[in-house]
Amino acid sequence: MTDAVLGDTLPHDVTTFDKGYLGDGHTLRSWLFTTDHKRIAILYAVTITIFFFIGGIAIALVRIELVTPAQDFVTADEYNRLFTLHGIVMVWFFLVPSIPTTFGNFLLPMMIGARDLAFPKLNLFSWYLTIIGGALTIYMLLAGGVDTGWTFYTPYSSIYSNSHVIAAAMAVFVAGFGTIATGVNFITTIHTMRAPGMTWFRLPLFVWAMYTVSVVIVLATPVLAMTLLLMTLERFFGVPIFNPNEGGDPLLFQHLFWFYSHPAVYIMILPAMGVVSEVIPCFARRRLFGYDFMVYALIAISVIGFFVWGHHMFVSGQSAYANLVFSFLSFIVAVPSAIKVFNWTATLYRGQITYESPMLYSFGFVGLFTIGGLTGLFLASIPIDIHATDTYFVIAHFHYVMVGGTVSAFFAALHFWWPKITGRMYPEAWARFAAILMFFGFNFTFFPQFIMGWAGMPRRYGSYPPEFQIYHVLSSAGAAVLAIAYLMPLAYLTWSLRWGRRAPDNPWRATGLEWQTSSPPPTHNFEKLPIVENEPYDYHPRGYVDQEHEAAGTAESPQKGGEQR
Amino acid sequence: MRHFIFFPPEASEYARHIDWIYFGLIGISVIIVGLVVVLMVSFGIRYRRGSPAVRGRLPEWVSRDVEIGWTVGTLFAFVFIFWFAAATFITTIGATPNALEIHVVGKQWMWKIEHPNGVREINELHVPVNVPVRLVMISQDVIHSFFLPALRIKQDVLPGRYTSESFTADKTGIYNLFCAEYCGTDHARMGGRIDIMTKPDYQKWLDAQPGAHNLAEKGRQLFVRLGCAGCHFEKGHTRAPDLAGVYGSYVRLANGRTVRADEAYLRDSILQPARDIVAGYQPIMPSFKGTVSEDQIFDLVAFIKSYSGSGEAIK
Amino acid sequence: MSRATTYSAEEAALREPWEDIARQRQAVEMGMWAFLASEILFFTGIFAGYTIYRSTYPEAFWVAGGHTSLFYGGTNTAILLVSSAAMGIVPSAARWPSLGSFARTMLWVAALLGIAFLVLKGFEYAEDFDEHLFPGPDFEIHERGAQLFFAFYWCVTAIHAIHLIIGIGLVARLAIAGTRDPRWFSQTPAVQATALYWGLVDVIWTIVFVILYLPGRGS
Ligand code: HEA
Ligand code: HEA
Ligand code: CUA
Ligand SMILES: [Cu+2]
């Protein structure tokens, strides 16, 4: 094991950057024109990190404004622009691309034993589309922002708003095609490039998650693209499409928008589920419980997810009959999510559990996703939603699933695969501390929002009646804690790039093909293309986790782990 | 900032009922979250690395049967919750007879409210207690939403289309009124209050307001002023249909369909008469789109609804 | 089949990260179908809006449909159908080295027909403008809902035209590159992919023709 040897050399050597794919060139050119899926993943990672902080700063200002009931820190117009920026950036420039374009790009080919994605140039092109979309967003921001909310409801967006709606819509439009291209690439790769022996039911769940999410992306995103395009054409040329004065239906836009945006929330959660399904078996040293059911659940979520959009429109004036149907289907789509939660829990049973930070984040994910999902059921119940819709109850619901859920999973993935991606270990103690801080900061920020939401606090309000202040103060204080918790990984991960210990090839003794190549992986991923003979998650080939066998492993801390078999 | 509030005040039977459902759901959720957390924590501790707990082989059947068991279990639980909540919703569908009808016009950024006797108010809604009230709402510009937390009701207010919400308050007091659908700059200030009063107080309040014309009376004057009477009050009704008693009746259209003449139909008949032509008449009625405001349409509609026969024909 | 000596057509068409051309072709076709599915959903958005409005304003859509130009619409449909026929033989012809230049001629035929379509469309637009068929204050038809019809008319045809322009670009690129490197041309999966895309553009137009030009005709 050459790596283990290297691991003992000076901690200060920077040669990681000369190893594997990272050593392919250090010029800007070598990055901007690369077609290596691993390098493109890094480009994406940098991009979405920047956008995460842009969205974060916008909402930090919002939280400061909300400390007092009066509109005193920013003006009403500025406030509206801030939460809109936050929503647009966080959804389309951070969360939707987050896990697929970084970890998906980096790991998908390795997990199925391929040298690259099916269309490497298209992959780079996707990134450029994202960048063009991002540039439009920055332009929109500098030109004065947009104030429609991330939902762009007509006729406000198409006729009444005095902000840069067109730039914002086109930003999302272009970035949307970037995501579609990624989806097409993933689907093709998974269909045609699996290594010999890698049958469909041997795919790691992360790959299954990438597959189902790609299908949803490819089928849902174009509808959003068309909707925004029509809205833009109406605004720019004055052709009436949604305009009620010319007989347009004010609800048409909402139907089209949510036809995309409900599947989009699953675009945001499915990859997270994939990540957690990798991490939990690894640190529990158990085969994933109910693999088949986990696969069927992913498929069921993505299919049924297309038929529940109307639950965002219970008070919009759609028919009562439609309300009932959409409510019922929303309950049905929750069943596969429940299956997943139970399976993750059952995976722990009879394991040999350790608590490295990816595992802590995954535990956080399961708990917070359960709370977020259950409050989703509140909202799916029509009479509850009639009171709770457009209040902070909804805000709390989706931050629990998106931030508590997906962002936690994103950090789990970041720590889990960091050694593989960079060839360096991160400092475990700091990482554990950040994970715990994030969990508490998160609940501190968003739990009060459930209560004030039910108490009647409407969303998108820059000023509010004083009876809600206590909750807003709690929430803002929590957000400050959360901000620190987010800045910590930024600091120690950057630190580890230079001073972290060298990572062995398989620090977690995990199964999965990506761990069988070196850290960081060579340009074409494998010296020799692997042949797959085992089931996935083969953590205990002999049927159960053997006490003595494992006990032997304890002496060696799993991080040092270089030893494999 | 003196105290924590967990609920808005409950000012109707319906509100209390909704809170019960809410409690029920919280109860179920606490059980489920508790179950998941307890399982995770207890497995997490019991099966931590190196713990003495026994890890035998799992019997083959465990996986499948357990899996099917909890799938079916959750499915039943979910269908039950759906039914539990939907049942309440279904009782709210349908018209409330004899409701006091109040008209609401939303515009950026205020609520204009008009009572049946023509009294108008802005950003405040006075209603009598224990009387069923029905709000008929429309917007002049963008989408708004009329939100009364104390009554647990909310309904989007759309441009170009009536929507309505009904309630029967049973507790007097002053409560919040919010606009809940984002509508631009002053969305956060587009609110006010609802004042639920005893019946005598309400009457007193009404009487003290200026401009207390009967709404239908105002509509009648408009009807004459706009020239509707020229066609619709003509003897024999050969040119235009008789409007006596149309409201609530079923009208046969030229294209063979039959529609119920509700507010939306009357509104459409005034704004886009060419769309639904009454059987047996020529499409000669001009559109009054742009000539009459949403408030005036409410007046006209109120008149047509109250108008019951040629007996009171206008000289 | 020694690799070193002869530079084979397959190698010319092979791209990273593939090791054999059959696999690559399979992948390109698969990817193209996925993309076409996406495109179909893209147009479904606008067609859904059209359908909803048409059921709300059946008469207005009928009247407004009568104002479109059956001459231009019909001719353009015919043009695209012929171009698709020309395109249809390209993928199989391209595989035969002896038919390579024939296939490229067919590509040019398709591209030129596409341009002809656009030119006619331009004339049609000019005429529509003269007849005040662009939604706005001086719109020609006063029926409520007619403006909606024409809003869809302009949006759908314009978006379709953009697709066609992209299609013409792809076809021309293929023809030019094919002339430069005939061996690459005989093996590359780009031929099949371009043909599929062209087919989609044609199918979409057929639907557009049916829903925009045919209402209001006949009795
Ligand atoms: C990652 C994103 C994500 C996810 C996964 C979900 C998941 C769900 N969401 Fe959420 N939702 C959003 C993001 C998300 N949502 C966003 C962004 C909005 C607001 C948009 C806006 O207006 O700006 C929103 C709004 C929203 C609304 C509209 C609210 C309103 O505006 O009025 C509704 C209503 O039905 C809803 C429902 C649900 C349901 C039923 C699920 C289900 O899929 C959840 C399923 C999961 C579980 C149920 C938990 C696990 C289950 C168990 C442990 C089983 C045991 C349980 C029992 C036996 C009871 N969501
Ligand atoms: C998709 C992902 C996503 C993510 C990750 C977040 C993250 C956060 N969100 Fe966001 N949110 C949305 C999606 C998301 N949100 C959406 C879609 C809406 C609806 C918008 C609309 O209505 O149109 C919304 C709306 C929304 C609102 C409602 C605004 C309103 O209706 O008036 C609030 C209010 O508290 C809020 C809070 C937060 C907070 C505190 C975080 C935190 O997790 C963020 C923490 C991160 C940072 C704070 C940045 C890092 C730190 C620094 C840069 C240091 C500087 C900061 C300080 C000194 C504090 N969000
Ligand atoms: Cu009116 Cu918000
Ligand atoms: Cu949804």
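Quick note: structure is the one above.
Thresholds applied
- In every chain, residue numbers begin from 1 and rise along the written sequence.
- Written order decides the labels, with chains lettered from A and ligands numbered from 1.
- Local features are withheld for residues below a pLDDT of 70 in this predicted model, meaning they are given only at 70 or higher, and side-chain atom pairs are given and counted only at 80 or more; totals for whole chains, interfaces and linings count all residues.
- Hydrogens and waters are ignored; side-chain quantities use all the structure's heavy atoms.
- The rule is short: rings of Phe, Tyr and Trp, with Trp giving its six-membered ring, pair when the centres are within 6.5 Å, and they are stacked under 30 degrees, edge-to-face over 60, tilted in between.
- Strands are runs of DSSP state E lasting at least two residues, helices are runs of H or I lasting at least four, and both sets are numbered from the N terminus onward.
- The buried label goes to any residue with under 20% of its type's maximum accessible area, the exposed label to any with over 50%, and the partly exposed label to all in between, with areas taken from a 1.4 Å probe on protein chains only.
- For a Lys NZ or an Arg CZ to count as sitting over a ring, it must be within 6 Å of the ring centre and within 35 degrees of the ring normal.
- Note on contacts: a residue pair is in contact if any heavy atoms of the two residues lie within 4.5 Å.
- A quick way to say it: buried area is the sum, across both parts, of accessible area lost when two parts are put together, with a 1.4 Å probe.
- N or O atoms closer than or at 3.5 Å make up a polar contact, with two conditions inside protein: a donor-capable atom paired with an acceptor-capable one, and, for residues adjacent in sequence, both atoms drawn from side chains.
- The nonpolar class holds Ala, Val, Leu, Ile, Met, Phe, Trp, Tyr, Cys and Pro. Asp, Glu, Lys and Arg form the charged class, and all remaining residues, Gly among them, are polar.
- With water excluded from the atoms, a metal site may look incomplete; its donors are any N, O or S atoms within 2.8 Å, or within 3.2 Å for Na, K and Ca.
- Counted as salt bridges are all cases of a side-chain nitrogen of Lys or Arg within 4 Å of a carboxyl oxygen of Asp or Glu.
- For each residue, the test is whether any non-hydrogen atom lies within 4 Å of the molecule or strand; if one does, the residue is near.

Digging into the packing of aromatic side chains
Here a ring pair, both rings aromatic, is described through the centre-centre distance and the interplanar angle of the planes.
Now for step 1: Inspection of every chain in the model, using the stated rule, returns 96 aromatic pairs over all chains.
Now for step 2: Between Phe52(A) and Phe94(A), the ring centres sit 4.7 Å apart and the planes meet at 45°, which makes this aromatic pair tilted. Linking Phe52(A) in helix H3 (residues 37-65) with Phe94(A) in helix H4 (residues 76-112), this pair joins segments that are 42 residues apart in sequence. Considered together, Phe52(A) and Phe94(A) belong to a single accessibility category, that of buried residues.
Now for step 3: With 5.2 Å between their ring centres and 50° between their planes, Phe129(C) and Trp154(C) make a pair best called tilted. Of this pair, Phe129(C) sits in helix H5 (residues 100-130) while Trp154(C) sits in helix H6 (residues 146-180), and the two are 25 residues apart along the sequence.
Now for step 4: Residue classification places Phe129(C) among the partly exposed positions, given a relative accessible area of 46%.
Now for step 5: A relative accessible area of 9% means that Trp154(C) is categorised as buried.
Now for step 6: For the cation-ring pair, Lys154(B) lies above Phe147(B), with the distance from its terminal atom to the ring centre recorded as 3.9 Å.
Now for step 7: Looking at Arg104(C), its charged tip hangs above the ring of Phe185(C), at a distance of 5.0 Å from the centre.

A few points about the interface of chain C and chain A
By a widely used convention, the size of an interface equals the accessible area lost when the partners come together.
Now for step 1: Listed by partner, the interface residues are 33 residues for chain C and 39 residues for chain A.
Now for step 2: Together chain C and chain A conceal approximately 3,000 Å² of surface at their shared face, both sides included; 74% is due to carbon and sulfur atoms.
Now for step 3: When the buried area of chain C at its contact with chain A is split by residue, Pro17(C), Phe42(C) and Tyr53(C) rank highest and sum to 19% of it.
Now for step 4: Applying the counting rule to chain C against chain A returns eight residue pairs in polar contact (both at pLDDT 80 or more).
Now for step 5: Of the residues in the side of chain C that touches chain A, the class split is 22 nonpolar, seven polar and four charged.

Brief notes about the coordination of the iron atom of ligand 1
Residues and elements named next belong to chain A.
Now for step 1: Coordination of the iron atom of ligand 1 by the protein comes from a single atom, His397 (NE2), at 2.2 Å.
Now for step 2: Between the iron atom of ligand 1 and the copper ion (ligand 4) there is a metal-metal distance of 4.5 Å.
Now for step 3: Within the fold, histidine 397 resides in helix H14 (residues 392-422).

Regarding the pattern of salt bridges
Pairing between side chains of opposite charge can happen when their charged atoms approach one another.
Residue and element names in this part refer to chain B.
Now for step 1: What the rule picks out here adds up to 27 salt bridges over all chains.
Now for step 2: A salt bridge links arginine 120 to aspartate 299, with the nearest nitrogen and oxygen atoms 3.8 Å apart. A residue pair is termed long-range when its members are at least 10 positions apart, and arginine 120 in strand E3 (residues 120-122) and aspartate 299 in helix H7 (residues 294-306) qualify at 179 residues.
Now for step 3: For aspartate 299, a relative accessible area of 4% translates into the label buried.
Now for step 4: Between lysine 305 and glutamate 263 there is a salt bridge, with its nearest N and O atoms 3.0 Å apart. Within this pair, whereas lysine 305 is found in helix H7, its partner glutamate 263 is found in helix H6 (residues 263-271), the two being separated by 42 residues in sequence.
Now for step 5: When salt bridges with common partners are traced through the structure, they connect Lys112, Glu114, Arg120, Lys218, Asp295 and Asp299 into a single cluster.

Considerations on the site of ligand 1
Now for step 1: Taken together, 33 residues are adjacent to ligand 1, and Tyr266(A), Asp385(A), Thr389(A), His397(A) and Arg459(A) come closest.
Now for step 2: Residue neighbours of ligand 1 fall on chains A and B, so the site bridges chains.
Now for step 3: In this structure, Trp150(A) approaches ligand 1 through a side-chain N or O atom, which is 2.8 Å from an oxygen atom.
Now for step 4: Here an oxygen atom of ligand 1 and a side-chain polar atom of Asp385(A) are 2.6 Å apart.
Now for step 5: Those elements that provide at least two residues to the shell around ligand 1 are helix H9 (252-284), helix H11 (320-348), helix H12 (357-380) and H14 of chain A together with helix H2 (60-92) of chain B.

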